[in-house]
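Now for the letters of each chain:
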Amino acid sequence: SSDVCSSDLKAGAAVFASIKKIHGNDFTVRFIDAGVPHMAAFAEGMMLRDYSYDHYKMKDDDDDEDSTKQIRLACSEKEAGELTSLVEKYRGIAKGVHLSRDLGNCPPNDMYPEEFADRAWEWAKQYDNVEVTIINYDQALKAGMGGLVAVGKGSSRKPCMVIFEMNKDIKGKCPVLVGKGITFDTGGISLKPGANMDEMKYDMGGSATVFGTMEALAQTGHKGKVVGITCMAENMPAANATRPGDVIKGLSGKTIEILNTDAEGRLVLADALTYTEEKFKPKFIVDLATLTGAIIVSLGSEYAGLFSNDDKLSNQLIEAGENVEEKVWRMPLNKNFDKLIDSKNADMQNINYVGGAGSTTAAQFLQRFILNKTPWAHLDIAGMAFSKYGGALNSGGATGYGVRLLNKLIEDNYE
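Residues numbered from 1 in each chain as written. Predicted model: local features only at pLDDT ≥ 70, side-chain atom pairs only at ≥ 80, totals over all residues. Heavy atoms only, no water.

A. Examining the side chain of Gln-316 more closely. Counting through the fold element by element, Gln-316 comes out in helix 10 (residues 311-324). Judged by relative accessible area, which is 17%, Gln-316 ranks as buried. (Helix = DSSP H or I, 4+ residues; strand = E, 2+ residues; numbered from the N terminus. Buried < 20%, exposed > 50% of the residue type's maximum accessible area, 1.4 Å probe, protein only.)

Quick look at the structure:
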């Protein structure tokens, strides 16, 4: 059951964390009548925990190849084949999680919209069945992506949109994953307090998850068609930055009054959702965003907030989340919340000025850009994308949350 495998996952992670502190490079883990799924989950836990972000640290002389620890899982000959193939699959998924963590942990002076796009472009070259397209600032401006432009224009590092297409020649509708990619969020003119602002490098957690999921799917040889879209911007205060009170027009043609420039994620996502529906006519859309602090008040770091217009898609996400220990909790959407984002001066405004229901009104805002009745789910991952102190499966920093969840969703329902 998922509960048993969840405890195996955490046990594997705990054992790996302990082994890292022990002298010696060769370890064997023996199981007694455990069964292959349990052993594979244990191995997956070890691989997920086998991560550290030390790219910016000077290496000691004794940090050489000889210090690599070899860990064997002892099993019967009969189990070896099945265990090997499952571990290989989990290794591929773990690579996606680690890529997502690397992107999130990278300092914001080295991780900005064009850099994310360049990494995606280079990454795609290793796979025959993946293509990456980049919509740059000038193209976004010309296309009328007013939300993306408004958020990113105050930065010297201009915004862009990155489109990943896997197995694009397959006919028919496919899932589309959309990620918010604010590589650093000062709040813009509505400036955030200085305390903990360094954590705003993690505001591109949604885009990191989308990129990591594409890697996991590519590594495990996914045969279906999947599209990923990330809307990348850096939200900075500047002479040419968007002001509170400005009215912009998004790609959909709808006008938005910006009352707070720190409610910027929904502006870039609005253009991405419009672009997704118009260009790809998807089977379903799942967007991921570190969107609101309010979701942390609601759910802490235990669940991502799930908002959706579709019960079937919601149930699939809930089930996938329980299976891989990346849980989601469904939150309400209701037309009664709409009046809180109606504007006197435009089609809508980007915050609920009355206060309250911050996560729901943000999701309600996004839903206004789903115009073709596409099944859609919004995951607010603000409480899940990074962890100050670490958890069972990670040692702190970016968590890679959502990669295993989305991989499972697609594997189970769209193979």
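B. Geometry of the packing of aromatic side chains. A full pass over the atoms with the stated rule returns eleven aromatic pairs. With centroids separated by 6.3 Å and ring planes inclined at 35°, the aromatic side chains of Tyr-53 and Tyr-56 adopt a geometry described as tilted. With centroids separated by 4.5 Å and ring planes inclined at 10°, the aromatic side chains of Tyr-202 and Phe-386 adopt a geometry described as stacked. With a gap of 184 residues between them, Tyr-202 in the loop between strand 5 (175-185) and helix 7 (205-219) and Phe-386 in strand 14 (residues 386-387) connect regions that are remote in the sequence. Accessibility expressed as a relative area gives 12% for Tyr-202, which makes it buried. An aromatic cluster is built from Phe-116, Trp-123, Tyr-127, Phe-164 and Phe-211, whose rings are joined through pairwise contacts. The cationic tip of Arg-157 hangs over the ring face of Tyr-112; the distance from NZ or CZ to the ring centre is 4.2 Å. (Phe/Tyr/Trp six-rings, centres within 6.5 Å; stacked < 30°, edge-to-face > 60°. Lys NZ or Arg CZ within 6 Å of the ring centre and 35° of its normal.)

C. Spatial organisation of empty space enclosed by the protein. Under the defined criterion, the tally for this structure stands at two cavities of 30 Å³ or more. Approximately 90 Å³ is the volume found for the largest cavity. Looking at the largest cavity, it is lined by 13 residues, and the ones nearest its centre are Ala-150, Val-151, Asn-235, Thr-242 and Thr-261. There is about 60 Å³ of room inside the second largest cavity. Looking at the second largest cavity, the residues that line it are Ser-100, Gly-104, Tyr-202, Gly-205, Ala-208, Thr-209, Ile-381, Ala-385, Ala-398, Thr-399, Gly-400 and Tyr-401. For the lining of the second largest cavity, the elements supplying multiple residues, two or more each, are helix 3 (77-105) and helix 7. Looking at the lining of the second largest cavity element by element, the count peaks at three residues for helix 7. When its residues are assigned to classes, the lining of the second largest cavity shows six nonpolar, six polar and no charged. (1 Å grid on protein atoms, 1.4 Å probe; cavity = no way out; pocket = protein on both sides within 12 Å on 5 of 7 lines; lining within 4 Å. Points joined across faces, edges and corners; volume = space filled by probe spheres on them. Nonpolar A, V, L, I, M, F, W, Y, C, P; charged D, E, K, R; others polar.)

D. Up close: the environment of Leu-406. Along the chain, Leu-406 turns up in helix 12 (residues 403-413). Spatially, the C-alpha atoms of Leu-406 and Thr-209 are 8.8 Å apart, while their sequence positions differ by 197 residues. Setting aside its immediate chain neighbours within four residues, Leu-406 contacts Leu-177, Thr-209, Thr-213, Val-286 and Leu-288. (Contact = heavy atoms within 4.5 Å.)

E. Up close: the pattern of salt bridges. Across all of its chains, the model carries 22 salt bridges by this definition. Two residues, Arg-404 and Glu-44, come together in a salt bridge whose shortest N-O distance is 3.1 Å. With Arg-404 in helix 12 and Glu-44 in helix 2 (residues 36-49), this pair connects stretches of sequence that are 360 residues apart. Of the two residues examined, Arg-404 and Glu-44, each falls in the buried class. Between Glu-131 and Lys-168 there is a salt bridge, with its nearest N and O atoms 3.3 Å apart. Of the two residues, Glu-131 is situated in strand 3 (residues 130-135) and Lys-168 in the loop between strand 4 (160-166) and strand 5; the sequence distance between them amounts to 37 residues. Looking at Glu-131, the relative accessible area reads 40%, which means it is partly exposed. (Salt bridge = Lys/Arg side-chain N within 4 Å of Asp/Glu carboxyl O.)

F. View of unusual backbone geometry. The backbone of Asp-33 sits at a positive phi, close to 50°, despite the residue not being glycine. Among the structural elements, Asp-33 can be located in the loop between strand 1 (26-30) and helix 2. A relative accessible area of 79% places Asp-33 in the exposed class. A positive phi angle, close to 50°, is found at Ala-357, a residue other than glycine. Relative to the assigned elements, Ala-357 resides in the loop between strand 12 (348-349) and helix 11 (358-367).

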